[in-house]
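Survey of secondary and tertiary structure
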Amino acid sequence: LRYFQASKIVFELGRARQHLDILAIELDMVHDTNDATKRDPQVFSRYTSPKNDWLMAKICVATADSQYHEWVSHLGNTHLTFEPHIIAIHNTLYKHSHPLWDFFEPLTKDTLLLNWAARSTLAKFGPDAFGDRMTSIGTGQFMQLIRNRWEKYDFFQYSALPDELEMRGFDSSFDIPCYLYREDGMKLWKAIGAFTYDFVTEVYGDDENGPAQDEIVQLWAQETTDPGKAAIPGFPTSIATKTELAKVMQTMWWICSGLHAAINFSQYDYFTYVPNKPLGARACMVQYKTDGKGKRRWIFENATPDMARVKETLQVARALTLPSERCIDNLGGHYKDVRYGKSSYDTFLTKLEALGDIIEARNQKNKKQGKAVYSYLHPSQVPSSIDI
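Source: prediction; values computed, not measured.

Parameters and conventions
Residues numbered from 1 in each chain as written. Predicted model: local features only at pLDDT ≥ 70, side-chain atom pairs only at ≥ 80, totals over all residues. Heavy atoms only, no water. 1 Å grid on protein atoms, 1.4 Å probe; cavity = no way out; pocket = protein on both sides within 12 Å on 5 of 7 lines; lining within 4 Å. Points joined across faces, edges and corners; volume = space filled by probe spheres on them. Nonpolar A, V, L, I, M, F, W, Y, C, P; charged D, E, K, R; others polar. Core = buried A, V, L, I, M, F, W, Y, C linked by side-chain atoms within 4.5 Å. Buried < 20%, exposed > 50% of the residue type's maximum accessible area, 1.4 Å probe, protein only. Helix = DSSP H or I, 4+ residues; strand = E, 2+ residues; numbered from the N terminus. Contact = heavy atoms within 4.5 Å. Axes fitted to C-alpha atoms, helices over the stretch in contact; angles between N-to-C directions. Parallel < 35°, antiparallel > 145°, perpendicular 65-115°, else oblique. Left-handed = near helix turned anticlockwise from the far one by under 90°.

What about empty space enclosed by the protein?
Under the criterion given, the structure shown has two cavities of 30 Å³ or more. Estimates place the volume of the largest cavity at around 50 Å³. As for the largest cavity, its lining consists of Arg2, Met134, Leu279, Gly280, Arg282, Pro305, Arg309 and Thr313. Looking at side-chain class alone, the lining of the largest cavity contains three nonpolar, two polar and three charged residues.

Structure, rendered in structure tokens:
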């Protein structure tokens, strides 16, 4: 058996507004065996709960978070979200040798192959499936989570960084310390936006309404939104201006570069010490209290994954975080061989180099001060496609 407990968390921001910590955790309610209508909440606090209870509560939260991170944030929000885009691009822009293919080609490398491989391994449905064997939620259930998320999906709201941050309440108006994903992500997002508009200008010149007269671009938009084809909710059914086209391209570049990099490459740091983020829990809080008698050793011997699962987790985490050979700052070879984009990419590269310098300087400073070092969005570590 694997256990998955619904969790609610209250965070506490220190008075100096420099540190964010967990104040309290609520796990799913316990049913009274003598009264089916009575349910008691399980609430734990780092100030009032016994030390081992607090540890077990955090492990339950980390296990729940792992399910969402792996299956929804990673597989659903990047790999599976971008797959229909690739097919629509190939059926229209690539098929008709459209200038925009010069932009999209690096974004499409290896993703379909990887998704096919995932369906045959990590996301396989059937006997002894990885999702059933290794994770708390199981293969069928994580597919339900992805489906539930897709039913609410909107292209810009869920995949354009500023819109997504605002949807979650984490836009620039919300003061939160050390949110380096937002800090680095917005810098990269803006650089991508300038690049995409420059690229579009190379194609259409000064004609802001140029895309509206482009039959292939309209065909691509129709294919991407057609319920019987790519069926991407929220994607524009037609594209009228350079500004609108650049925003679409910016969002698509972000999905397969910055968004995937931040979600994917953090797996090695967080998941390879398995008690930090277990993929599957062998026991729940009630069992810890009844069978384990609140003992710390019982947690590691009976609740966190066993040694066989630990070894498999390490192997998978390492394989999924191998560095890419095609990052967003080394596409010069591609743009030398295509008709459009070289000038735009050269300007983009200058901005990426500046961003890389900013991230390196901050990380060196933070390391000396014992603060978080965040390199997942350093341009030299951000692949140009979902290729791992």
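Quick word on the nonpolar core
In terms of nonpolar packing, the biggest core is built from 67 residues, with Phe104, Tyr181, Trp220 and Trp253 touching the most fellow members. Sorting the residues of this core by element identifies α1 (51-94), α2 (101-104), α6 (155-159), α7 (161-167), α8 (180-204), α9 (215-225), α10 (242-264) and α16 (342-368) as the ones contributing at least two each. The leading source of residues in this core is α10, at 13 residues. Those residues within four positions of Trp253 in sequence are excluded, and the remaining contacts are Phe103, Leu107, Ile192, Phe195, Gly258, Ile328, Leu331, Tyr335 and Phe348.

Details of the environment of Pro233
Assignment of secondary structure puts Pro233 in the loop between α9 and α10. Sequence spacing of Pro233 and Trp150 is 83 residues, and the spatial spacing of their C-alpha atoms is 8.6 Å. Sequence-distant contacts of Pro233, that is, excluding residues within four places in its chain, are made with Trp150, Tyr153, Asp154 and Phe155.

Focus on the packing of α1 against α10
Following both chains from N to C, one finds α1 and α10 inclined at 155°, their axes separated by 10 Å at the closest point. Here α1 is positioned roughly antiparallel relative to α10, judged by the angle of their axes. Crossing hand, α1 versus α10: left-handed. Between α1 and α10, the contacting residues are His69, Ser73, His74, Asn77, Thr78, His79, Thr81, Phe82, His85 and Ile89 on the first element and Met252, Ile255, Cys256, Leu259, His260, Ile263 and Asn264 on the second. Taken together, the residues of the contact of α1 with α10 sort by class into seven nonpolar, 10 polar and no charged.

Things to note about the packing of α1 against helix α3 (residues 111-120)
Contact geometry for α1 and α3: axes closest at 10 Å, N-to-C directions at 130°. The pairing of α1 with α3 is recorded here as oblique in orientation. Relative to α3, α1 is oriented so that their crossing is left-handed. Across the interface between the two elements, His79, Leu80, Glu83 and Ile86 of α1 pack against Thr111, Leu112, Asn115 and Arg119 of α3. Class assignment of the residues belonging to the contact of α1 with α3 gives a composition of three nonpolar, three polar and two charged.

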